[in-house]
Structure formats: structure tokens, C-alpha cells
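Architecture at a glance
Letter by letter, the chains look like this.
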Amino acid sequence: MRLNERRILVRGAGDMATAVAWRLCMAGFPVVMTEVERPLAVRRRVAFCEAVWDGTAEVEGIRATRIEGPSEAASIQARGEIPVLVDPNLDTIKELSPDVLVDATLAKRNLGVSLNLAPLVIGVGPGFCAGVDVHMVVETKRGHNLGRVITEGEAYPDTGVPGVIGGYGMERVLRAPADGVFEPEVRLGDRVSPGQVVARISGEHLRTEIDGVVRGLIRPGLTVQKGLKVGDVDPRGDASFVDTISDKARAVAGGVLESILRVYNR
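Analysis parameters
- Residues numbered from 1 in each chain as written.
- Predicted model: local features only at pLDDT ≥ 70, side-chain atom pairs only at ≥ 80, totals over all residues.
- Heavy atoms only, no water.
- Helix = DSSP H or I, 4+ residues; strand = E, 2+ residues; numbered from the N terminus.
- Rg over C-alpha atoms; globule rule 2.2 N^0.38 Å.
- Buried < 20%, exposed > 50% of the residue type's maximum accessible area, 1.4 Å probe, protein only.
- Contact = heavy atoms within 4.5 Å.
- Areas by Shrake-Rupley, 256 points an atom, 1.4 Å probe, with all protein chains shown as cover.
- Lys, Arg positive; Asp, Glu negative; His and termini not counted.
- Charge placed at Lys NZ, Arg CZ, Asp CG, Glu CD.
- Salt bridge = Lys/Arg side-chain N within 4 Å of Asp/Glu carboxyl O.
- Expected span 1.5 Å × (residues − 1).
- Pairing = 2+ DSSP bridges.
- Phe/Tyr/Trp six-rings, centres within 6.5 Å; stacked < 30°, edge-to-face > 60°.
- Lys NZ or Arg CZ within 6 Å of the ring centre and 35° of its normal.
- Disulfide = S-S within 2.5 Å.

A short note on the overall build of the chain
Regarding its fold elements, the chain presents five helices and 19 strands. Relative to a compact globule of 266 residues, whose C-alpha radius of gyration would be 18 Å, the chain shows 18 Å and is just as compact. Each of the three principal axes of the chain carries a C-alpha extent, and together these read 55 × 40 × 30 Å. A buried classification covers 51% of the 266 residues belonging to the chain. Restricting to contacts in the chain with at least 6 residues of sequence separation, those with at least 24 account for 53%. Carbon and sulfur atoms make up 47% of the accessible area of the chain, which totals about 12,000 Å². Charged side chains of the chain number 33 positive and 35 negative; the gap between the two group centres comes to 2 Å.

Right under this line is the structure:
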């Protein structure tokens, strides 16, 4: 089998999983993605999971299309697109029969992935142990080892503290102040100032702490719980970043591509 005929299944279709699928698709691999029925992507403009809601989604020139079953995948791939299937528990994995399974849900824990699910199983971020439940792990923590391929052991544990961008960490994250329906007052790409109301939930105001551009925002009308991340503000102030894959996601995607090539490019 030729390298570019290796079938790859990416579990998850949020912004990090999208970066992985985008890079693999650009490298010529046939990719299928799976997602939950109601995805809560924050960085929606760079998340193929939006295809679950809208039927299609496009990120940096690559289109993803929702499918209803594995049999539809090949025709979508033949058009140079990425099929997205609602299948959070990987119930269709036998039909898809991937050569590579990449779990990029970023759940911070293992949601049922094991070594026997594919010839090569890759875990993205914390929650997996290389050599135990996956073959390789790709580091997602910002810093010196971002994107590193781990063949023994685990990635750094989740600290719950966002990485620093433009001098801000926790301050740039928008979290729901109450349970209820998310009603945004701004749009993706808007510039905001400290103290500005960016959303309302159950009558409570969500205000930004910093100046910057709204880089992420969940879909209007979704029901959320207090404390859930519902958006983020980029203090660098460049609106073009809203529509492009982040430096972190590209590094992680490179680690996944390297993992595959280590095994199959021989």
C-alpha cells in the first residue's frame, strides 16, 4: 500500500483536530473525522465540526462535509474534501477500518481509545500513555516541547491554566457567568475593550477583561453551564488570526504527521 493510501480517522473536529486533519489532507492523506452531535467549538472559523451544524465548513481552503454514514466517505474524499461523521463513540470504526486513529478530542482523559483500534493509534495531549493505550502521544503544552512525539510515557498533565498569548493567560478566556442560553453581543473578529459586555446568559453580563479581537465564540443560542469556556479574546489585535490555524495547532499537527511518517514512510 502506498503511503498516501493509508486511511486516517481523526476523532474530534474542534480547532486542534481540524489543524491535524488539514495538515494531513494537505499532505495527501485520506482523512475522516468524527464528532459529537452538538459540538461546542469556540474557535468556530477554524473548526471542521461546524459542518455538523451547517453541512459544510471551510478552513484555509479545505472543505469539510457532514456525512450520515461511512459509505459516503469515499465520494467526499474524491472531491478533495474531508468527511465529518457524527460518531462520538467510534461505533463505525470497523467499517472505516483506519490504518491510523488520531484522538484529538482534547478531553484531557482517555475516552475509550486502545491499542487494538488501529495499527497506529496516536493520542493528542494529556490523558494517554504511549505504549499502554496508544502507540504515540503528541505534546500540546506550549513551550519547548510543543509538538514533540512521545513514544514512552505521557504528555504534560493539564494545568487548567491557558497558555500566555500577548502577555495574557486567564484574562483572555471568556467563561459563562451562569447556566443558561448563550446570547452574544459581539461577533467573531470584533475589537473589544476592557469591561465591554460581550454576551448575556440568563440575564447576567459577560464582560471582557482585556482589549483585543474576539478570536473565539461559541454558537448563539447554545445552552451552557456556568464556568464553561464560551470565547476568547486575542490581545494581539490581528483580526486575520480569527480565520487561520494557530501556531500551537500547527505545531501539534506537525507532530501527528511526523508520527505517521515514522511508522509508514519506510
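Read on for the rest.
Examining the environment of V46
Examined against the element boundaries, V46 turns out to sit in the loop between strand 2 (31-35) and helix 2 (50-54). Separated by 28 residues in the primary sequence, V46 and T18 place their C-alpha atoms 7.0 Å from one another. Non-local contacts of V46, meaning those with residues more than four positions away in its chain, are made with G14, D15, T18, V59, V242, D243, T244 and I245.

Description of the pattern of salt bridges
Enumeration according to the criterion identifies 16 salt bridges in this entry. When the shortest N-O distance is used, the salt bridge between R250 and E60 registers 2.6 Å. Placement of R250 in helix 5 (residues 247-264) and of E60 in the loop between strand 3 (56-59) and strand 4 (62-67) is noted, with a sequence separation of 190 residues between them. Residue E60 is classed as partly exposed on the basis of its relative accessible area, which comes to 30%.

A few points about helix 1 (residues 15-26)
Across its 12 residues, helix 1 extends 16 Å between first and last C-alpha, which sits within 8% of the 16 Å expected from 1.5 Å per residue. Counting buried residues in helix 1 gives nine out of 12 residues, a clear majority hidden from the surface. Phi for G28, located one or two positions after helix 1, is positive at around 100°.

Looking at the pairing of strand 17 (residues 212-217)
The element strand 17 is largely enclosed, with a buried count of six among its six residues. For strand 14 (residues 191-192) and strand 17, the ladder comprises two bridges, and the chain directions are antiparallel. Of the residues in strand 17, the one forming a bridge with R191 is V213. Examined bridge by bridge, strand 17 and strand 19 (residues 229-234) share four bridges and lie antiparallel to one another. Its bridge partner lying in strand 19, G216 is registered against D232.

Comments concerning the sheet that holds strand 10 (residues 149-150)
Taken in spatial order, the nine strands of this open sheet run 3-4-5-2-1-6-7-9-10, and their pairing is mixed. Every other strand in the sheet has two partners, leaving strand 3 and strand 10 as the edge strands with one partner each. Examined bridge by bridge, strand 3 and strand 4 share four bridges and lie antiparallel to one another. What sits directly across from T56, in strand 4, is T65.

Let's talk about the sheet that holds strand 15 (residues 197-201)
Ordered by their spatial adjacency, four strands build an open sheet running 16-15-13-18, and the pairing between neighbours is antiparallel. What marks the edges here is a single partner per strand, and that holds for strand 16 (204-207) and strand 18 (223-224).

Some details on the side chain of D232
Tracing the sequence through the fold places D232 in strand 19. When near neighbours in sequence (up to four residues on either side) are disregarded, D232 contacts V42, R43, R172, V173, L174, V213, V214, R215 and G216.

Here we look at the packing of aromatic side chains
Any pair of aromatic rings gets described here by the distance separating the centres and the angle formed by the planes. Evaluated as defined, the whole model comprises zero aromatic pairs. Over the face of the ring belonging to W22 we find R250, whose NZ or CZ atom lies 5.7 Å from the ring centre.

Describing the state of the cysteines
The tally for this structure, following the rule as stated, stands at zero disulfides. A disulfide-free cysteine, C25 has its sulfur positioned 17 Å from the sulfur of C49, the nearest such atom. Among the residues examined, C25 registers a relative accessible area of 18% and is labelled buried.

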